[in-house]
Amino acid sequence: MNIVLFGPPGAGKGTQSDKIVKDFGLTKISTGDLLRNEIEKGSSLGAKIKSIIDEGNLVSDDIINNLIENILGNTNSYKGIIFDGYPRNLRQAQSLDTLLKKYNQKISCVLSLEVNKNAIIERITSRLICSKCGSIFNKHFNKATKDNHSCDPKFLITRSDDNIKTVENRFETYNKETMPIIKYYINQNILKEIDGMQKIDQIYKEIRQIIDSLDT
Ligand code: AMP
């Protein structure tokens, strides 16, 4: 079972995909996390990637497709993959189909989280990430506590692209480059729309129901 989690920046893709991984044992591939790992390495490629991310633009398809191909090629036994933040344009959607075919796999469904721009800005500008374990929290409505997070609070940071200026551009990029993918998946009859404005647990309840109803 392979699932694509689709939606604008700040729609809750990371939060929901972590829950799916926990309950369904899928392997998560977040291209954003993979790119941030590359930045952490301090390589010259990492520095190039950081400047693109901080502008709110998309990293080149070549870099992304290489990252994905490396992972798919090295994942031999898995229950399936949850793609978070990938594909982000039509070309990536087409290369994902080609790549999955090579491994006799397909996308079981695309879950599209629908959230309006005001909510996105509010969510992203109050988002906190744990730089140690990668957990995602929010200063207002999903606070890190001793019960839901075991790392020291000093590891909670704001991503460098989670500021109002970058968010505006990320949203533009989403509308221009990423939104057209919706039609591609509607045509394949695998798109499921979910109201991403609801509470985290309610969104997840709906996601669970959809995944439970899939046969592959
Ligand atoms: P995310 O963590 O998914 O919000 O991604 C953060 C940033 O990484 C995006 O704003 C893009 O600059 C870059 N990025 C992540 N995934 C992709 C992708 N599939 N294609 C191109 N750029 C990406």
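Remember, predicted model here, so these are calculated numbers, not experimental data. (Residues numbered from 1 in each chain as written. Predicted model: local features only at pLDDT ≥ 70, side-chain atom pairs only at ≥ 80, totals over all residues. Heavy atoms only, no water.)

With respect to the packing of aromatic side chains
Okay, step 1: A full pass over the atoms with the stated rule returns 4 aromatic pairs.
Okay, step 2: Clustering of aromatic rings is evident, with ring pairs tying together F6, F171 and Y174.
Okay, step 3: Over the face of the ring belonging to Y204 we find K19, whose NZ or CZ atom lies 5.8 Å from the ring centre. (Phe/Tyr/Trp six-rings, centres within 6.5 Å; stacked < 30°, edge-to-face > 60°. Lys NZ or Arg CZ within 6 Å of the ring centre and 35° of its normal.)

Section: the pattern of salt bridges
Side-chain pairs of opposite charge can arise whenever the charged atoms involved come near each other.
Okay, step 1: Within this structure, the stated rule accounts for 15 salt bridges.
Okay, step 2: Where D161 meets R170, a salt bridge forms, and the shortest distance between an N and an O atom there is 3.6 Å.
Okay, step 3: Take D161: its relative accessible area is 5%, and that puts it in the buried class.
Okay, step 4: Using a relative accessible area of 10% as the deciding quantity, one classes R170 as buried. (Salt bridge = Lys/Arg side-chain N within 4 Å of Asp/Glu carboxyl O. Buried < 20%, exposed > 50% of the residue type's maximum accessible area, 1.4 Å probe, protein only.)

So, the side chain of D162
Okay, step 1: Checked against the element boundaries, D162 lands in the loop between strand 7 (156-157) and helix 7 (164-178).
Okay, step 2: Relative accessible area serves as the criterion here: at 4%, D162 is assigned to the buried category.
Okay, step 3: At 2.9 Å, the side chain of D162 forms a polar contact with the side chain of R127.
Okay, step 4: Each residue touching D162, except ones within four places of it in the same chain, is listed here: I124, T125, R127, V167 and R170. (Helix = DSSP H or I, 4+ residues; strand = E, 2+ residues; numbered from the N terminus. Polar contact = N/O pair within 3.5 Å; in protein donor to acceptor, adjacent residues only side chain to side chain. Contact = heavy atoms within 4.5 Å.)

With respect to the site of the ligand
Okay, step 1: Near the ligand lie 16 residues; those nearest to it are T31, R36, N57, R88 and Q92.
Okay, step 2: Within the backbone of V59, one N or O atom sits 3.1 Å away from a nitrogen atom of the ligand.
Okay, step 3: In the environment of the ligand, a nitrogen atom lies 3.1 Å from a nitrogen or oxygen atom belonging to the backbone of G85.
Okay, step 4: Protein contact buries 96% of the 480 Å² of open area that the ligand shows by itself.
Okay, step 5: Here the shell around the ligand gets 4 residues from one element, more than from any other, and that element is helix 2 (residues 31-40). (Near = heavy atom within 4 Å. Areas by Shrake-Rupley, 256 points an atom, 1.4 Å probe, with all protein chains shown as cover.)

Remarks on the packing of helix 1 (residues 13-24) against helix 9 (residues 200-212)
Okay, step 1: At a minimum axis distance of 10 Å, the contact between helix 1 and helix 9 shows a crossing angle of 50°. Comparing their axes, helix 9 and helix 1 come out oblique. Relative to helix 9, helix 1 is oriented so that their crossing is right-handed. Where helix 1 approaches helix 9, its residues T15, Q16, K19, I20, D23 and F24 are matched on the opposing element by I200, D201, I203, Y204, I207, R208, I211 and D212. (Axes fitted to C-alpha atoms, helices over the stretch in contact; angles between N-to-C directions. Parallel < 35°, antiparallel > 145°, perpendicular 65-115°, else oblique. Left-handed = near helix turned anticlockwise from the far one by under 90°.)

Here's the deal with the sheet that holds strand 3 (residues 81-84)
Okay, step 1: In space, the 5 strands of this open sheet follow the order 2-3-1-4-8, with parallel pairing throughout. The sheet is open, and its two borders are formed by strand 2 (27-30) and strand 8 (191-195), each paired with just one other strand. The average angle at which neighbouring strand axes cross in this sheet is 20°, direction not considered.
Okay, step 2: Taken together, the 3 bridges between strand 1 (residues 3-6) and strand 3 define a ladder with parallel strand orientation. Note that in strand 3 the partner of V4 across the bridge is F83. (Pairing = 2+ DSSP bridges.)

Some points on the environment of L67
Okay, step 1: Along the chain, L67 falls in helix 4 (residues 61-74).
Okay, step 2: For the pair L67 and T31, spaced 36 residues apart in the sequence, the C-alpha separation amounts to 7.8 Å.
Okay, step 3: Contact partners of L67, with chain neighbours within four places excluded, come to L34 and L35.

Structural notes on helix 4
Okay, step 1: With 14 residues, helix 4 should reach 20 Å at 1.5 Å per residue; the first-to-last C-alpha distance of 20 Å fits that figure.
Okay, step 2: The inward-facing, buried residues of helix 4 contact strand 2, helix 2, helix 3 (44-55), strand 3 and helix 5 (90-102). (Expected span 1.5 Å × (residues − 1).)

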